[in-house]
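Fold and contact review
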Amino acid sequence: MIEITPDRIDATPIIESVRTPLAGAVCSFLGTVREITGETRTIGLEYEAYPVMAAKKLAELEAEARSRWPILEAALVHRVGRLDPGEISVVVAVSCPHRQEAFEACRWLIDTLKEVVPIWKKDVEDVASFVDLPPGT
Amino acid sequence: MKATILLFASARETVGAPSLTVELDENSTVGGLRSALARACPALIPLLPFLRIAIDSEYARNDQQIIPHDAELAVIPPVSGGSSLEIPAPP
């Protein structure tokens, strides 16, 4: 399953979709919007994609991963648009006969996805903090 | 020939439009496209070292020729890999 969606992601059916009796291991990764980074608070992230290329690159990643590991089923789902803290931005799920190859494939997929798939994120500006400033500051 | 380049993320924000049309030589390479982008929008110059160019959804090398003429061209700023749209400092 390859999908780029503006809709809220429910990870459970995505993970269920890669389960098969041939698998001994299902490994999944969820990327979520982190609210606190050091002393910075994130009120939301805006994700933007180049949809045609992003879908193509996701499909290429799946094919490359299948050539490296004995993947039975794979799912790569990325959200776009405005996300609130805690929401899921990306899901990677793979099933393999054994856990080591499932861990390796899942790790490689999310790491490589973040390097090559044309999807960008940007902090949503905290308009309220400007409005709340006292006059003259 | 005229070529329209799709812009995303920091490149789109810098130009203030989702695409840019530039004039290219008939046998222009990706490097030539970069020069044309710099001429069309000098504000892009600081970003250029960090931008990748895609031809028909494939990352292109600088010496690659822009063929065919109806190819979909796009400017690809650094993707989200843990960073934001902020422009990285030059190395």
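Residues numbered from 1 in each chain as written. Chains lettered and ligands numbered in written order. Predicted model: local features only at pLDDT ≥ 70, side-chain atom pairs only at ≥ 80, totals over all residues. Heavy atoms only, no water.

1. Re the interface of chain A and chain B
For clarity, the threshold we go by: Note on contacts: a residue pair is in contact if any heavy atoms of the two residues lie within 4.5 Å. Buried area: the accessible area, evaluated with a 1.4 Å probe, that two parts lose upon being put together, summed over both parts. Salt bridge, as used here: a side-chain nitrogen of Lys or Arg that lies within 4 Å of a carboxyl oxygen of Asp or Glu.
Taken together, the contacts link 17 residues of chain A with 23 residues of chain B. A combined buried area of about 1,700 Å² lies between chain A and chain B, and 53% of that area is made up of carbon and sulfur atoms. In terms of surface lost to chain B, no three residues of chain A exceed A:Tyr50, A:Trp120 and A:Lys121, which account for 37% of the buried area on that side. The interface formed by chain A and chain B contains four salt bridges.

2. With respect to the confidence of the model for chain B
All names here are of chain B. The condition is simple: Across the chain, each position has a pLDDT score giving the predictor's confidence in that residue, from 0 to 100. By definition, any uninterrupted DSSP run of H or I lasting at least four residues is a helix, any uninterrupted run of E lasting at least two residues is a strand, and each is numbered from the N terminus.
Here chain B shows a mean pLDDT of 86. Residues at 70 or above account for 85%. Least confident of the elements in chain B is strand β1 (residues 2-7), whose mean pLDDT is 93; most confident is strand β5 (residues 73-76), at 96. Overall, residues 82-91 carries pLDDT values under 50, and its contacts beyond four positions in sequence, including any with other chains, amount to 16 contacts.

3. Thoughts on the sheet that holds strand β1 (residues 2-5) of chain A
Residue and element names in this part refer to chain A. Stated formally: For two strands to count as paired, DSSP must find a minimum of two bridges between them. Axis definition: a line fitted to C-alpha atoms, limited for helices to the stretch in contact. Angles are taken between N-to-C directions and run from 0 to 180 degrees.
With mixed pairing, four strands are arranged side by side in an open sheet as β1-β6-β8-β2. Pairing within the sheet leaves two strands with one partner each, and these edge strands are β1 and β2 (25-32). This sheet shows a mean twist of 10 degrees between the axes of neighbouring strands, independent of strand direction. In the sheet, strand β6 (residues 73-79) pairs with strand β8 (residues 88-96) via six bridges, with the strands oriented antiparallel. Residue pairing in the sheet places Ala 74 in a bridge with Val 94 of β8. Contacts from helix α2 (residues 51-68) reach β1 and β6, with the element oriented near 150 degrees to β1. Strands β2, β6 and β8 of the sheet are contacted by helix α3 (residues 99-116), whose axis makes an angle of about 150 degrees with β8.

4. Some remarks on the environment of A:Leu72
Tracing the sequence through the fold places A:Leu72 in the loop between α2 and β6. In this structure, the C-alpha to C-alpha distance between A:Leu72 and A:Cys96, residues 24 residues apart in sequence, is 5.4 Å.

5. Section: the sheet that holds strand β3 (residues 52-55) of chain B
Residues and elements named next belong to chain B. Strand order in the open sheet formed by five strands is β2-β1-β5-β3-β4, and the pairing between neighbours is mixed. A single partner strand is all that each edge strand has here, and the edge strands are β2 (19-23) and β4 (58-59). Relative to β5, β3 is paired through four bridges, and the arrangement is antiparallel. From the neighbouring strand, Ala 54 faces β5, where its bridge partner is Ala 74.

6. A look at the pattern of salt bridges
Spelled out, the test is: With a 1.4 Å probe rolled over the protein chains alone, any residue whose accessible area is under 20% of its type maximum counts as buried; one over 50% counts as exposed, and the rest are partly exposed.
Tallied over the entire structure, the rule returns 15 salt bridges over all chains. A:Arg41 serves as the salt-bridge partner of A:Glu35, at 2.8 Å between the closest nitrogen and oxygen. For A:Glu35, a relative accessible area of 35% corresponds to the partly exposed category. Overall, the relative accessible area of 56% leaves A:Arg41 in the exposed class. The residue B:Arg12 makes a salt bridge to A:Glu48 at a minimum N-O spacing of 2.5 Å. Taken as a pair, B:Arg12 in helix α1 (residues 9-15) and A:Glu48 in strand β5 (residues 45-49) lie in two separate chains rather than in one. Because the salt bridges share partners, they merge into one network encompassing A:Lys56, A:Lys57, A:Glu60 and B:Glu58.

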